[in-house]
Amino acid sequence: MTTTLRPAGAEEPLPGGGRTRRWQICVNGRPVGGLRTSALPRGGQWWGEIAELEVREGHRRGRATVGALAAEEVLRGWGCTRLDVTVPAGADAALSLAHTLGYRERMSNLAKHLGPPPALPPGLTVRPIGAEEYPAWLASAKAGYLHDLRASGLTEEQARAKADADHSQVLPQGPDTPGVALRRLAGADGEVLGSLWIHLHQDLLPDGRPLAWVMVVEVAEEHRGRGHGRALMLAAERECLAAGVHDLGLNVFSSNRVAIALYESLGYRVTRRTLGKPLL
């Protein structure tokens, strides 16, 4: 039996000149499943994504593997040099397939439904990051992001392109970007201990509730190991609740085991995993 991909609709444009298309997975010309390929520019490069992969029960027998490999060929043809797949929490078969095809986990998304506003530890205060502080803060945030991107398996060129594109997209007006909270954590003497960046209306949950997103949590190196990361996360929850948002999500790179342990201890749970590999 021959397994092939067949277009399920017209190609659609994506922001920034990207493209996406839905495909049918066919066996001897008969549809048994489907998937979607997407390509987006990251600086001067193209990143691919395979999503919505499904094969109907009774027709599996390796058809998902063949479909995914065919999708990789489509994305190579679209000029992609890097490919990601996203696997929802609990989708163990999909996660196993991704590992079999050579994908390695780069990062996870976690989320939490917030309860009453938590109290900050005594002696700590939170204040906005002003325009005069913003350039130095942004440089530090980019440097940390670059480090994490490289640790997740990206090349230096890929990491820089993605960091520049992502920061330009989500902070178009700097500290005055609507829906963004940039905050400093300070001690009783006013010394800066760390910083926080939250996007208060990043996304919607399936039931329509708003989901805020922690973009950056950073503790100054000389103040690490003293619980200030936990204090910054509590501050993030307070900011969300003050804005009327009761769900908070975040992304953590798989190499950052300390951060993962912190988030899990605060009640955050994995909602999906992103795995990637280079397209050679």
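Check the entry above for the structure.
Going along each chain's sequence as written, the residues are numbered from 1 onward. Under the rules for a predicted model, residues below a pLDDT of 70 receive no local features and side-chain atom pairs below 80 are neither given nor counted, while totals for whole chains, interfaces and linings still include all residues. Computation of side-chain values covers all heavy atoms of the structure but excludes hydrogens and water.

Formed by 30 residues in total, the largest nonpolar core has its most connected members in Ile198, Met233, Cys240, Leu248, Leu250, Tyr263 and Tyr268. The numbering of helices and of strands both runs from the N terminus, where a helix is a DSSP run of H or I of at least 4 residues and a strand a run of E of at least 2. Elements with a minimum of two residues in this core: strand 9 (180-186), strand 10 (192-204), strand 11 (210-219), helix 5 (228-242), strand 12 (247-253) and helix 6 (257-265). Here this core gets 8 residues from one element, more than from any other, and that element is helix 5. For Cys240, the contacting residues outside a window of four places in its chain are Leu114, Ile198, Leu200, Ala212, Val245 and Leu248. Only buried residues count toward a nonpolar core. Its members are Ala, Val, Leu, Ile, Met, Phe, Trp, Tyr and Cys residues joined through side-chain atoms within 4.5 Å. Any residue under 20% of the maximum accessible area for its type is buried, any over 50% is exposed, and the rest in between are partly exposed; the area is computed with a 1.4 Å probe on protein chains only. Counting residues in hydrophobic clusters, the runner-up holds 25 residues, among them Ile25, Ala68, Leu97 and Leu101. Here, residues are in contact when the closest pair of their heavy atoms is within 4.5 Å.

In a regular helix each residue adds 1.5 Å, so 18 residues correspond to 26 Å; helix 3 (residues 134-151) covers 26 Å between its end C-alpha atoms and thus fits that length. Listed in full, the buried residues belonging to helix 3 are Tyr134, Trp137, Leu138, Ala141, Tyr145, Leu146 and Leu149. Positive phi appears at Gly153, one or two residues downstream of helix 3, with a value of about 115°. Given a helix with a known number of residues, its expected span is that number minus one, times 1.5 Å.

Phi is positive for Glu52, close to 60°, though the residue is something other than glycine. Topologically, Glu52 is positioned in strand 5 (residues 45-55). On the accessibility criterion, Glu52 (47% relative accessible area) is partly exposed. Here the phi dihedral of Arg61 falls at roughly 45°; this positive angle occurs in a residue that is not glycine. Its relative accessible area of 63% is what places Arg61 among the exposed residues.

A separate point is the side chain of Asp247. Among the structural elements, Asp247 can be located in strand 12. In protein, a polar contact means a hydrogen-donor-capable atom and an acceptor-capable atom, both N or O and within 3.5 Å, with residues adjacent in sequence counting only if both atoms are side-chain atoms; elsewhere, any N or O pair within 3.5 Å suffices. Among the polar contacts listed, one links the side chain of Asp247 to the side chain of Arg209, at a separation of 2.3 Å. If we skip the residues at most four places from it in the chain, Asp247 touches Lys112, His113, Leu114, Leu205, Arg209, Pro210, Leu211 and Ala212.

What follows deals with the packing of helix 5 against helix 6. For any two helices packed against each other, one specifies the inter-axial angle together with the distance between the axes. Taken N-terminus to C-terminus, the directions of helix 5 and helix 6 make an angle of 50°; their axes are 11 Å apart at the nearest point. Considered as vectors, helix 5 and helix 6 are oriented oblique to each other. Between helix 5 and helix 6 lies a crossing whose hand is right-handed. When helix 5 is examined against helix 6, the residues Gly229, Arg230 and Met233 are found in contact with a partner set consisting of Leu262, Tyr263 and Ser265. Class assignment for the residues of the contact of helix 5 with helix 6 results in 3 nonpolar, 2 polar and 1 charged. Fitted lines through C-alpha atoms give the axes, limited to the stretch in contact for helices. The angle between two N-to-C directions lies from 0 to 180 degrees. Angle categories: roughly parallel below 35 degrees, roughly antiparallel above 145, roughly perpendicular from 65 to 115, and oblique for all the rest. By definition, any crossing whose near helix is turned counterclockwise from its far helix by less than a right angle is left-handed, and any crossing with a clockwise turn is right-handed. Ten residues, namely Ala, Val, Leu, Ile, Met, Phe, Trp, Tyr, Cys and Pro, are considered nonpolar, four, namely Asp, Glu, Lys and Arg, are considered charged, and the remaining ones, Gly among them, are considered polar.

Residues enter patches when their relative accessible area tops 30% and they take part in no salt bridge; the joining distance is 9 Å for like charges and 5 Å for the nonpolar side chains Val, Leu, Ile, Met, Phe, Trp and Tyr. For the area figures, the Shrake-Rupley method with a 1.4 Å probe applies, and any residue is considered shielded solely by the protein chains shown. Salt bridges are defined by distance alone: a side-chain nitrogen of Lys or Arg within 4 Å of a carboxyl oxygen of Asp or Glu. The charge count includes Lys and Arg as positive and Asp and Glu as negative, but it does not include His or the ends of the chains. Note on charges: their place is set at NZ of Lys, CZ of Arg, CG of Asp or CD of Glu. On the surface, Asp189, Glu191, Glu221 and Glu222 cluster together to form a negatively charged patch. In this structure, Glu221 sits in the loop between strand 11 and helix 5.

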